[in-house]
Amino acid sequence: EFWLDDGNIVLVAQDTAFRVYRRLLATQSKVFADMLVASSADTNDEMEGCPVVRLSDSPQDFTQLLRVMLPLERCILFRDTESLRLRFADVAAVVRLAHKYQIEDLQRQALSALKEDLTNFERCTSMPSRRLNMQYSIESAHSYEPILHKPPPAAIGIVNLARLTDSPPLLIIGLYICCCLGGRIVDGWKHDDGTVEYLSPSDLRLCVTAQMQLVQKNVHVIGSIFEDIASNDCESVEECEENLKNGFVYAANDVKNTITPNVLLLVRNRYMRYTESYCNHCESMCIERELEQRRETWWWLPELFGLQ
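Residues numbered from 1 in each chain as written. Predicted model: local features only at pLDDT ≥ 70, side-chain atom pairs only at ≥ 80, totals over all residues. Heavy atoms only, no water.

## Considerations on the state of the cysteines
Next, step 1: Counted under the stated rule, the structure contains zero disulfides.
Next, step 2: Between Cys207, a free cysteine, and Cys179, which holds the nearest cysteine sulfur, the sulfur-to-sulfur gap is 4.2 Å.
Next, step 3: Counting only cysteine sulfurs, Cys282 is the nearest neighbor of Cys234, a cysteine outside any disulfide, at a range of 3.7 Å. (Disulfide = S-S within 2.5 Å.)

## Quick word on the pairing of strand 2 (residues 16-20)
Next, step 1: Inspection of the sheet shows strand 1 (residues 9-13) paired to strand 2 by five bridges, in the antiparallel sense. Bridge pairing in strand 2 links Ala13 to Thr16.
Next, step 2: Between the antiparallel neighbours strand 1 and strand 2 lie two residues, among them Gln14 with a positive phi of about 55°. (Pairing = 2+ DSSP bridges. Helix = DSSP H or I, 4+ residues; strand = E, 2+ residues; numbered from the N terminus.)

## Quick notes on helix 9 (residues 201-225)
An α-helical turn contains 3.6 residues, so any two residues separated by three or four positions project in the same direction.
Next, step 1: For helix 9, which comprises 25 residues, the first-to-last C-alpha distance of 36 Å matches the rise-based estimate of 36 Å (1.5 Å per residue) to within 8%.
Next, step 2: Along helix 9, the sharpest kink reaches roughly 30°, centred on Gln211.
Next, step 3: Buried residues belonging to helix 9 abut helix 7 (155-165), helix 8 (168-179), helix 10 (237-253), helix 11 (255-258) and helix 12 (280-304). (Expected span 1.5 Å × (residues − 1). Bend = angle between axes of the 7 residues up to and from the residue. Contact = heavy atoms within 4.5 Å.)

## Comments concerning the packing of aromatic side chains
Next, step 1: Applying the stated rule across the entire model yields five aromatic pairs.
Next, step 2: A ring pair is formed by Phe88 and Trp189, whose centres lie 5.5 Å apart and whose planes are at 45°; its orientation type is tilted. Here Phe88 is found in helix 4 (residues 88-100), whereas its partner Trp189 is found in strand 7 (residues 189-190), with 101 residues between them in sequence. The same class applies to Phe88 and to Trp189, which are both buried.
Next, step 3: Look at Phe121 and Trp298: their rings are 5.6 Å apart centre to centre, the planes differ by 80°, and that puts the pair in the edge-to-face class. Residue Phe121 is located in helix 6 (residues 121-125), and its partner Trp298 is located in helix 12; the two are separated by 177 residues in the primary sequence.
Next, step 4: For Phe121, a relative accessible area of 5% gives the class buried.
Next, step 5: Each member of the aromatic cluster is reached from another via a ring pair, and the members are Phe18, Phe32, Phe62 and Tyr101.
Next, step 6: When the ring centre of Trp300 is taken as origin, the NZ or CZ atom of Lys217, which lies over that ring, is 4.5 Å away. (Phe/Tyr/Trp six-rings, centres within 6.5 Å; stacked < 30°, edge-to-face > 60°. Buried < 20%, exposed > 50% of the residue type's maximum accessible area, 1.4 Å probe, protein only. Lys NZ or Arg CZ within 6 Å of the ring centre and 35° of its normal.)

## Here we look at the packing of helix 4 against helix 7
Next, step 1: Two numbers describe how helix 4 lies on helix 7: the axes approach to 11 Å, and their chain directions differ by 20°. Between helix 4 and helix 7, the angle falls in the class roughly parallel. In this structure, helix 4 meets helix 7 at a crossing whose hand is left-handed. Here helix 4 contributes Phe88, Ala92, Val95, Arg96 and His99 to the contact with helix 7, which in turn contributes Gly157, Ile158, Leu161, Leu164 and Thr165. (Axes fitted to C-alpha atoms, helices over the stretch in contact; angles between N-to-C directions. Parallel < 35°, antiparallel > 145°, perpendicular 65-115°, else oblique. Left-handed = near helix turned anticlockwise from the far one by under 90°.)

Take a look at the structure:
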């Protein structure tokens, strides 16, 4: 993909060579500029008459960086996120290498694209994203759903990117999703090239500690939703308050949805299947209670992770 016949520099990432334009790299990155100057002095390492620069990056990651820096077909600007469909693994690769090679504007754009979805309450909890796919497989790159419906191992990558770039908003949601991974948190996140990325021991400890607090918070949220006080506009107070009590009992016995750290996941009307119908006013009240409680939790997360 990036072997340009008129290129004047060859970059080798592991076992893959890229022949590109020296000046286009050097003008965007001082790190590249310094590397390319050094390569010019070494006449012993050449390929088809071009100086060779050897890199430690994976070919897959470096390809993603070049697709943004030197687009062959479509110019990718991360500012234009409304029209882009992005796979998290690809954007994460760009962020890592933009940070490594000090391409500040590109790093800022790529991080902004991630924050558009990952630090937005509605997009994380209830609105399917049409832009960012968090799943690993390339085949699912255009399959979109609210991120918290299936907490992805890629959250480990979010945490490590946030640490690398000092991005607290990304760190908070990354740690939260990691808390929802259960035992999968120790398996790491497998990259396209087969390598596996893990949380640092300190972040793993932070998540394990926070899991129980999130479970307790979820139990509190459910109790608040089913508080047996009917709406002020209730049409049948006694019946609705009895249904609220029954709803709490049934919800408390639904271990899968109650004893879980995934407190932010909005499951609209899930309490309606536990009991008889509420009046319209009490049904709306329950929905509002759930939304209020989960928004409250969203703003509590920085405190939970010690990032106020």
